[in-house]
Amino acid sequence: MVIDKKPTLLCVVGATAIGKTALAIKLAQHFSAEILSADSRQFYKEMKIGTAAPTPEELSQATHHFVHNKSIHDTYTVGDFEKEAIQFLTSYFKSNEYAILVGGSGLYIDAVVCGLNTFPEVKEGVRESLEQRLKNEGIETLQKELKEKDLVYFNSVDIKNPRRLIRALEVIKSSGKPYSSFRKGMNTQREFNTIFIGLDADRSIIYDRINRRVDIMVEEGLIEEAKKLYKFKELNALQTVGYRELFQSFDGTISQDFAISEIKKNSRRFAKRQGTWFKKNEEISWYDYLTPAENIIQDIIKKAP
C-alpha cells in the first residue's frame with residue numbers, strides 16, 4: 001500500500017504512571033499502527049522492571065519499537081534516537097498512514113517531532129574539570145551552579161543525574177549562554193503531520209498511581225534486578241530513579257525501606273517536571289486519564305488532515 005497523503009504521527013504524552021502505554025495500544029489497534037517508545041529508560045534491555053516497560057502481554061497486543069533494543073553498556077544519546085527514529089519512520093510511512101510515539105521523555109519526543117538544535121563544541125578540559133568537581137565536592141556544587149546560570153533548565157532536568165548536570169554546564173561554560181537557549185526554536189520540517197494527545201489527572205491521583213506502581217515493581221523483583229546491575233552503577237544508563245536509590249541502600253548509606261520511599265518521592269518529582277515540560281506545548285490536546293479511548297479516537301479522526 002502506498003500512502004498518497006502526508007502520514008500522521010500520534011504522540012501520546014503525560015506523566016509517569018498515567019496510562020500512556022494502555023492508550024497507545026488501543027490507538028495502535030484502531031489505526032493499524034505500530035508504536036515507538038520515546039521513554040529514554042526503556043531502551044535498555046537490562047532494565048525491565050524499574051523502567052515500567054511494556055509487559056510481554058502488552059508487547060503482544062501491538063508492535064513496539066525502541067523497547068529493550070539497547071544495552072546499558074551502549075553509548076546512546078537523544079541525537080542517536082532522533083536519527084534512528086526518523087530513519088524508521090521514513091521507511092514505515094511509505095506503506096502506513098499512522099504511527100504512534102509514546103513516552104514521558106519530553107526531549108526525546110521533541111527530537112523526533114521538531115529536531116534537535118546544534119549544540120556548541122565543548123572546549124577542551126571543561127568536562128574533565130566538571131568531573132573532578134563532582135568527585136571532590138559532590139553533586140550539590142554542580143546543582144548550585146546550574147541553578148545560578150540556567151534556572152529554566154534547572155527546573156526541568158533531573159538534578160540528581162550528574163551526567164545531565166555536567167552536559168548542561170559544559171555547554172554553558174563553552175558558549176557563555178544558557179543550555180536551555182540551545183533547545184529553543186527547534187523547527188526541522190518533517191514529512192509527517194503530528195497530533196499530540198496528553199493524559200492528565202489531579203496531582204494527588206498521579207502521585208497515588210506512582211506510589212502504587214513502585215510497590216508493584218518491588219513485588220515483581222525490582223530489588224533483585226537492581227542487585228544484578230549494582231556492579232555497573234557508574235554507567236550513565238543507570239543514573240536514574242529506581243536504581244540509584246537502591247544502589248545507595250546496597251552501599252549501606254540508607255536503608256532499603258528508605259530507598260523505596262525515596263524512589264516514590266523522586267518519581268513524584270519527576271512527574272512534576274514532566275508536567276512543566278509538556279504544559280509548555282500548546283499543541284497538546286489534554287484528556288483526563290479516565291477518558292474512554294473511543295472518545296480520543298473520534299477526536300483524532302476529526303483532526304487528522
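This one's a predicted model, so the numbers in the text were calculated from it and none came from an experiment.

Caption draft 1: Spotlight on the overall build of the protein. When you go through the protein residue by residue, the secondary structure sums to 13 helices and six strands. In terms of overall dimensions, the protein has a C-alpha envelope of 60 × 45 × 35 Å along the principal axes. The proportion of buried residues among the 305 residues of the protein is 50%. Partitioning the contacts of the protein with sequence separation of at least 6, the portion at a separation of at least 24 is 76%. Taken as a whole, the protein presents about 15300 Å² of accessible surface, with 48% of it coming from carbon and sulfur. For the protein, the distance from the average position of its 45 positive side-chain charges to the average position of its 42 negative side-chain charges is 3 Å.

Caption draft 2: A look at the nonpolar core. Formed by 77 residues in total, the largest nonpolar core has its most connected members in Leu-9, Phe-81, Ile-100, Leu-101 and Val-112. Leu-9 has contacts with Leu-89, Phe-93, Ala-99, Ile-100, Leu-101, Val-112, Val-113, Phe-192, Asn-193, Thr-194 and Ile-195, leaving out every residue within four places of it along the chain. Core analysis: the second largest hydrophobic core is formed by 17 residues, Leu-130, Ile-139, Tyr-153 and Val-157 among them.

Caption draft 3: Representation of the state of the cysteines. Counting across every chain of the model gives zero disulfides. Take Cys-11: it sits in no disulfide, and the sulfur closest to it among the cysteines is that of Cys-114, at 8.9 Å. Looking at Cys-11, the relative accessible area reads 0%, which means it is buried. Cys-114 sits in the partly exposed class, given a relative accessible area of 22%.

Caption draft 4: Up close: unusual backbone geometry. The phi dihedral of Ala-52 falls on the positive side, at around 55°, and the residue is not glycine. Relative to the helices and strands, Ala-52 resides in the loop between strand E2 (34-37) and helix H2 (56-61). Given a relative accessible area of 22%, Ala-52 falls into the partly exposed group. Located in the positive-phi region is His-68, a residue other than glycine, with phi close to 55°. On the secondary structure map, His-68 appears in the loop between strand E3 (64-65) and helix H3 (78-92).

Caption draft 5: Spatial organisation of helix H8 (residues 162-175). The end-to-end C-alpha distance of H8 is 20 Å, a good match for the 20 Å that 14 residues give at a rise of 1.5 Å each. Within the sequence span of H8, burial applies to Pro-162, Leu-165, Ile-166, Ala-168, Leu-169, Glu-170, Val-171, Ile-172 and Ser-174. Here the buried face of H8 lies against helix H5 (126-137), helix H6 (139-149) and helix H7 (151-154). Between a side-chain oxygen at the N-terminus of H8 and the backbone nitrogen of Arg-163 the separation is 3.0 Å; the capping residue is Asn-161. Following H8 by one or two positions, Gly-176 adopts a phi angle in the positive range, close to 80°.

Caption draft 6: Up close: the sheet that holds strand E4 (residues 98-102). The strand order across the open sheet built from six strands is E3-E2-E4-E1-E5-E6, with neighbouring strands paired in parallel fashion. Each having just a single partner strand, E3 and strand E6 (284-288) make up the two edges of the open sheet. Judged from the five bridges that link them, strand E1 (residues 8-14) and E4 form a sheet pairing that is parallel. Within the sheet, the bridge partner assigned to Cys-11 lies in E4 and is Leu-101.

Caption draft 7: Local environment of H3. The end-to-end C-alpha distance of H3 is 20 Å, a good match for the 21 Å that 15 residues give at a rise of 1.5 Å each. Among all positions in H3, only Val-78, Phe-81, Glu-82, Ala-85, Ile-86, Leu-89 and Tyr-92 are buried. For H3, the angular spread of the buried residues around the axis is 130°, confining them to a single face. Elements that come into contact with the buried residues of H3 comprise E1, E2, E4 and helix H4 (106-114).

Thresholds, definitions, all that
- Residues numbered from 1 in each chain as written.
- Predicted model: local features only at pLDDT ≥ 70, side-chain atom pairs only at ≥ 80, totals over all residues.
- Heavy atoms only, no water.
- Helix = DSSP H or I, 4+ residues; strand = E, 2+ residues; numbered from the N terminus.
- Buried < 20%, exposed > 50% of the residue type's maximum accessible area, 1.4 Å probe, protein only.
- Contact = heavy atoms within 4.5 Å.
- Areas by Shrake-Rupley, 256 points an atom, 1.4 Å probe, with all protein chains shown as cover.
- Lys, Arg positive; Asp, Glu negative; His and termini not counted.
- Charge placed at Lys NZ, Arg CZ, Asp CG, Glu CD.
- Core = buried A, V, L, I, M, F, W, Y, C linked by side-chain atoms within 4.5 Å.
- Disulfide = S-S within 2.5 Å.
- Expected span 1.5 Å × (residues − 1).
- Polar contact = N/O pair within 3.5 Å; in protein donor to acceptor, adjacent residues only side chain to side chain.
- Pairing = 2+ DSSP bridges.
- Arc of directions from axis to C-beta.

Everything listed is a geometric property; what it means functionally is a separate question.
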